[in-house]
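In case you want the letters, here they are:
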Amino acid sequence: MSRRVVITGMGAITPVGNDVETFWNSIKNGKCGIDKITLFDTTDFKAKLAAEVKEFNPEDYVDKKEARRMDRFCHFAMAASKEAVEDSGLKFDELNAERVGVILGSGIGGIGTIEEQVKKLNEKGPNRVSPMLIPMIISNMASGHVAIKYGAKGICTTIVTACASSNNAIGESFHKIRNNEVDIIISGGSEAAITPISIAGFASMTALSKSTDPERASIPFDAERNGFIMGEGSGILILEELEHAKKRNAKIYAEVVGYGSTCDAYHITSPSPDGADGARAMKMAIDEANIEPKDVSYINVHGTSTPVGDKSETEAIKNVFEDYAYKIPVSSTKSMTGHLLGAAGAVEAVISIKALQDGCVPPTVGLKVKDPECDLDYVTDLGRKADLNYALSNGLGFGGHNATILFKKWTGR
């Protein structure tokens, strides 16, 4: 019999709150974290808005010397991990370190450090490039730092599947624990890609919204949507085997019951128009949980606010749920957080779990103008109270990656 896996701790650093409670209160109340970019001068840039993390000091979470040797994406991961670990009540000196793992996701890793050091190379020469360049920029280093901090000696790896990265990280963690390879995994994702080259690159490929109105910039499923808004931050979950959690009287937030991962094998940036393989990922998660599609109570969609992506995901949902698709409340919280790329699925997993706990479907705040091709029950305004039992969370990435996580409300059994 497969082992059951539960969530016993959560942490979040986001554009609308630097802890889970603040973050969730902002999300369910429709607070938008999008504004003018302050991290660099956008005078010559086509895209001028982003969802930045506010009032964040890495030295509140890591030693000053250590912080200088980390990229911003690692700062976020360390901060969110600290909250998640403290929330879980785990005492690592009492655990078998070889049964504790770390699996995080990041789409781009230390891109800010790359830019900074390339500038130094060009202006001052190769001998002035930091000796910490490589360990600061590689995407696996967030996982490495977290593992070192907590002495986790089980699996330590990083998933890089673009915007599906942290969905895949959580899903793979679920399977590792279920299959008795480890008992606990610190999982999620982190991203810090609000940088000049990142914004310029995404804007050049017309992926970013060029809107200057924060309220009409990230507008998933809206007929006037024209691209996504970059976000940044980190979401971290503590996944733990159920009996292990029970033995230490851990607080349990939710159960992970399903995971699906597929590829469109269609195009490097565009999703398959019919959403067939995104649908297949959802079906895999539902089948693994041994439930029916009609048992799903809420879908936190990928919903980035791109014309093609939102339509494809709508088609995928219809493919899975058929007529019942119109009865499931759906929301894209990227309307408030922007798109955190490889960390998106992690912060949206936190939202999905809190939605199950509170019986509250958060809103898609930017959705004002109906698109006839996107005709599902997208929850708007101030959200909706509902009796929720199962929540799906989708992540879809460049390269055709699709990853879906299915969470079940924890009822004590």
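This text follows the structure it describes.
Residues numbered from 1 in each chain as written. Predicted model: local features only at pLDDT ≥ 70, side-chain atom pairs only at ≥ 80, totals over all residues. Heavy atoms only, no water.

Asker: Explain the overall build of the protein chain to me, using residue names and the numbers behind them.
Answerer: Counting its regular elements, the protein chain contains 13 helices and 14 strands. A compact globule built from 413 residues would reach a C-alpha radius of gyration of about 22 Å, and the protein chain, at 20 Å, matches this within 12%. Reported as C-alpha extents along the three principal axes, the dimensions of the protein chain are approximately 60 × 55 × 40 Å. If you take every contact in the protein chain between residues at least 6 apart in sequence, the share linking residues at least 24 apart comes to 79%. Summed over all atoms, the accessible surface of the protein chain reaches about 16,400 Å², with 49% contributed by carbon and sulfur. In the protein chain, which carries 46 positive and 54 negative side-chain charges, the distance between the mean positions of the two groups comes to 3 Å. (Helix = DSSP H or I, 4+ residues; strand = E, 2+ residues; numbered from the N terminus. Rg over C-alpha atoms; globule rule 2.2 N^0.38 Å. Contact = heavy atoms within 4.5 Å. Areas by Shrake-Rupley, 256 points an atom, 1.4 Å probe, with all protein chains shown as cover. Lys, Arg positive; Asp, Glu negative; His and termini not counted. Charge placed at Lys NZ, Arg CZ, Asp CG, Glu CD.)

Asker: Provide a residue-level description of the sheet that holds strand β8 (residues 254-263), including the pertinent values.
Answerer: Judged by pairing direction, the sheet is mixed, and its 10 strands sit side by side in the order β5-β4-β6-β7-β1-β8-β14-β13-β9-β10 without closing on themselves. Two strands in the sheet have a free side with no partner beyond their single neighbour: β5 (156-159) and β10 (330-331). Strand direction decides the pairing type here: strand β1 (residues 5-13) and strand β7 (residues 233-241), joined by eight bridges, are antiparallel. The partner of glycine 11 across the bridge, within β7, is isoleucine 236. (Pairing = 2+ DSSP bridges.)

Asker: Account for the layout of surface pockets, with residues named and values stated.
Answerer: Gaps between atoms show up when a probe of the same size as a water molecule is rolled over them. Empty space within the largest pocket amounts to approximately 480 Å³. Lining the largest pocket are 30 residues, and of these Thr269, Ser270, Pro271, Thr306 and Phe398 lie nearest its centre. Among the secondary structure elements, those contributing two or more residues to the lining of the largest pocket are α11 (307-321), β13 (390-397) and β14 (401-409). Of all the elements, α11 adds the most residues to the lining of the largest pocket, at six residues. Tallied by class, residues from the lining of the largest pocket come to nine nonpolar, 18 polar and three charged. Approximately 300 Å³ is the volume found for the second largest pocket. Taken together, 15 residues line the second largest pocket, and the ones lying closest to its centre are Arg72, Gly112, Thr113, Ile194 and Thr195. With three residues, the single largest contributor to the lining of the second largest pocket is helix α4 (residues 111-124). For the lining of the second largest pocket, the residue count by class is eight nonpolar, three polar and four charged. (1 Å grid on protein atoms, 1.4 Å probe; cavity = no way out; pocket = protein on both sides within 12 Å on 5 of 7 lines; lining within 4 Å. Points joined across faces, edges and corners; volume = space filled by probe spheres on them. Nonpolar A, V, L, I, M, F, W, Y, C, P; charged D, E, K, R; others polar.)

Asker: Talk me through the packing of aromatic side chains; I want residue IDs and the actual numbers.
Answerer: For any pair of aromatic rings, the description consists of the separation of the ring centres together with the inter-plane angle of the planes. The final tally for this structure, using the stated rule, is eight aromatic pairs. Ring geometry for phenylalanine 92 and tyrosine 150: centres 5.2 Å apart, planes at 35°, overall tilted. A residue pair is termed long-range when its members are at least 10 positions apart, and phenylalanine 92 in the loop between α3 (72-88) and β4 (100-105) and tyrosine 150 in helix α6 (residues 141-150) qualify at 58 residues. A residue is classified by how much of its surface remains accessible, and tyrosine 150, at 14% relative accessible area, is buried. Relative to phenylalanine 228, the ring of phenylalanine 202 has its centre 5.4 Å away and its plane inclined at 75°; by these criteria the two rings are edge-to-face. Pair noted here: phenylalanine 202 is in helix α8 (residues 196-204) and phenylalanine 228 is in the loop between α8 and β7, with a separation of 26 residues, a long-range link. One exposure class covers both phenylalanine 202 and phenylalanine 228, and it is buried. In this structure an aromatic cluster arises from ring pairing among Phe56, Tyr61 and Phe76. In this structure, arginine 178 packs its charged tip against the face of phenylalanine 174, placed 5.8 Å from the ring centre. (Phe/Tyr/Trp six-rings, centres within 6.5 Å; stacked < 30°, edge-to-face > 60°. Buried < 20%, exposed > 50% of the residue type's maximum accessible area, 1.4 Å probe, protein only. Lys NZ or Arg CZ within 6 Å of the ring centre and 35° of its normal.)

Asker: Got a sec to walk through empty space enclosed by the protein? Specific residues and values, please.
Answerer: Using the criterion set out here, one finds one cavity of 30 Å³ or more in the structure. Here the largest cavity is characterised by a volume of approximately 90 Å³. Contributing elements (two or more residues each) for the lining of the largest cavity: α10 (276-288), α11, β13 and β14. Of the residues that constitute the lining of the largest cavity, the class distribution is five nonpolar, seven polar and two charged.

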